Amino acid sequence: MSTGQIAQENAHAVTAAPRGVPQSPLEESSRSTRWVVALLLVVALLWTLIPLAWMLLSSFKNRTDVTAATPQFLFEPTLDNYRGLFTGSNNLWPYIWHSVLAAGISAVLAVSLGALAGYGLARTQMRGKRHLAFWIISTRMAPIAAIVVPLFIIFRGIGLIDSIPGLVLAYLTFNLPFAIWLMSAFFAEVPPSLEESALVAGCTRWQAFRTVVLPLTKSGLVTTFVLCLVFAWNDYAFAVVISGPNSQTLPIAASQLVTQTGVDWGQLTAIGTIVVVPMMLAGLAVRRWLVTGLTLGAVTGE
C-alpha cells in the first residue's frame, strides 16, 4: 500500500467518527447554557407580554366580564370602554394633546441641547472630564421626590404651574442630563479625524458637526429621543404636582378613574392601552436604530 493511500485511510478514520460517541464536556456545557438562556428569555418575554395582553383583552370586555371572579377568556368584544373615555364628561382628547405637547417638546429639546452639550463634552480635553460626566448623570439619579417640591416653589413664583411650558421644563430636569451623558458616549465613538478632514476641506466647526458627526450618530439621536419621550409620556410624579386643569396628561386621567366609590376597571384598562400602545409602536418603528444605539455608544462608560 502506498503512502498516499495510508494517509487517505487515516484521514477517513478521523473524519468519519462512529455514531454514539459522547460529546466533550465543553460541548455539553455550551448546549446547556444555550438552553438555559433560551428558557430565561422565554420567561422574561412571557412576564412582559402576558400583563399587556391581558390589559388589552380586558379593555374590550364589559363590566361584568372584567370584574368576574373567574377570568373570562371567551367573551363578546365591546368598544363601550373606549366610547366612555371620549364621550360625555370623560373627554380624553385634552389629556392626549397635553401629553403629546409636553412629552414631544421636552424630548426634542433634550435631544437638541443634549447633542450640543454631549459633543462638547466628548471633544473637550480637560482635567476632571470623567468627574464632570458623572456629576451630570448623577443629577438624573436623584429621586423625583427630592426635586419636585423645589421645582413647584420656583414654578409657582414665575407662573409656570398648570402650564405646558412648566411640564416641559420639569421633564427637562431629568431628560437633559440623561441626553447629555448618552450623546457624549455616541460622539466619543466618532473618530476625530473625520472632523479634521472636514475642517481641512473648508468646513467650519459647526458645518463639520452638522454634516459629518450628526449623520454618523443617527442611531444615538433616535435612541435618546425615544427614551426621553417614553419617560415624559409615562411621567406621573411631575404631572400630578405641576399640572392643573389646563395641562393634565394621560397618567393623571388614569388616576382619576380610581375613586372612593370604586374603580372602573374597563375604562382603566382602556386608557392603559392608549398610554402603552403609542410608545410600543414608536419603539417598533425605530427598533433598528434603537437596538444599534443601545448596544454601541451607550456602553462605553463615558
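Residues numbered from 1 in each chain as written. Predicted model: local features only at pLDDT ≥ 70, side-chain atom pairs only at ≥ 80, totals over all residues. Heavy atoms only, no water.

On to the confidence of the model for the protein. Overall, the prediction assigns the protein a mean pLDDT of 82, with 85% of residues at 70 or greater. Contacts for the low-pLDDT stretch residues 13–17, under 50 throughout, to residues beyond four places or in other chains number 0 contacts. The low-confidence segment residues 297–302, where pLDDT is below 50, has 16 contacts with residues more than four positions distant or belonging to other chains. (pLDDT = per-residue confidence, 0-100. Contact = heavy atoms within 4.5 Å.)

Mapped onto the secondary structure, A170 falls in helix α8 (residues 164–188). Residues A170 and F152, 18 residues apart in the sequence, show an inter-C-alpha distance of 9.3 Å. (Helix = DSSP H or I, 4+ residues; strand = E, 2+ residues; numbered from the N terminus.)

Attention now goes to the packing of aromatic side chains. Each aromatic ring pair is described using two quantities: the centre-to-centre distance and the angle formed by the ring planes. Taken as a whole and assessed by the stated rule, the structure comprises 10 aromatic pairs. Judged by centre distance (5.4 Å) and plane angle (40°), the rings of F60 and Y82 are tilted. Of this pair, F60 sits in the loop between α2 (25–58) and α3 (63–66) while Y82 is found in helix α4 (residues 80–86), placing the two residues 22 residues apart along the sequence. According to the relative accessible area criterion, F60 is partly exposed, its value standing at 25%. Exposure remark for Y82: the relative accessible area of 16% places this residue in the buried category. Here Y119 and F187 contribute two aromatic rings whose centre-to-centre distance is 5.6 Å and whose plane-to-plane angle is 85°, an arrangement assigned as edge-to-face. Here the residue Y119 occupies a position in helix α5 (residues 93–123), and F187 occupies one in helix α8, the gap between them amounting to 68 residues. Assigned by exposure class, Y119 and F187 land together as buried. Among the aromatic side chains, those forming a connected cluster through ring pairs are Y119, F187, W206 and F209. (Phe/Tyr/Trp six-rings, centres within 6.5 Å; stacked < 30°, edge-to-face > 60°. Buried < 20%, exposed > 50% of the residue type's maximum accessible area, 1.4 Å probe, protein only.)

This part takes up the pattern of salt bridges. Enumeration according to the criterion identifies 4 salt bridges in this entry. One salt bridge in this structure joins D80 and R83, with 2.9 Å as the shortest N-O distance. On the criterion of helical spacing, the pair formed by D80 and R83 is a turn pair, its members being 3 residues apart in helix α4. Residue E195 pairs with R205 through a salt bridge whose shortest N-O separation is 3.5 Å. Of this pair, E195 sits in helix α9 (residues 192–200) while R205 sits in helix α10 (residues 205–216), and the two are 10 residues apart along the sequence. Judged by its relative accessible area of 47%, R205 is partly exposed. (Salt bridge = Lys/Arg side-chain N within 4 Å of Asp/Glu carboxyl O.)

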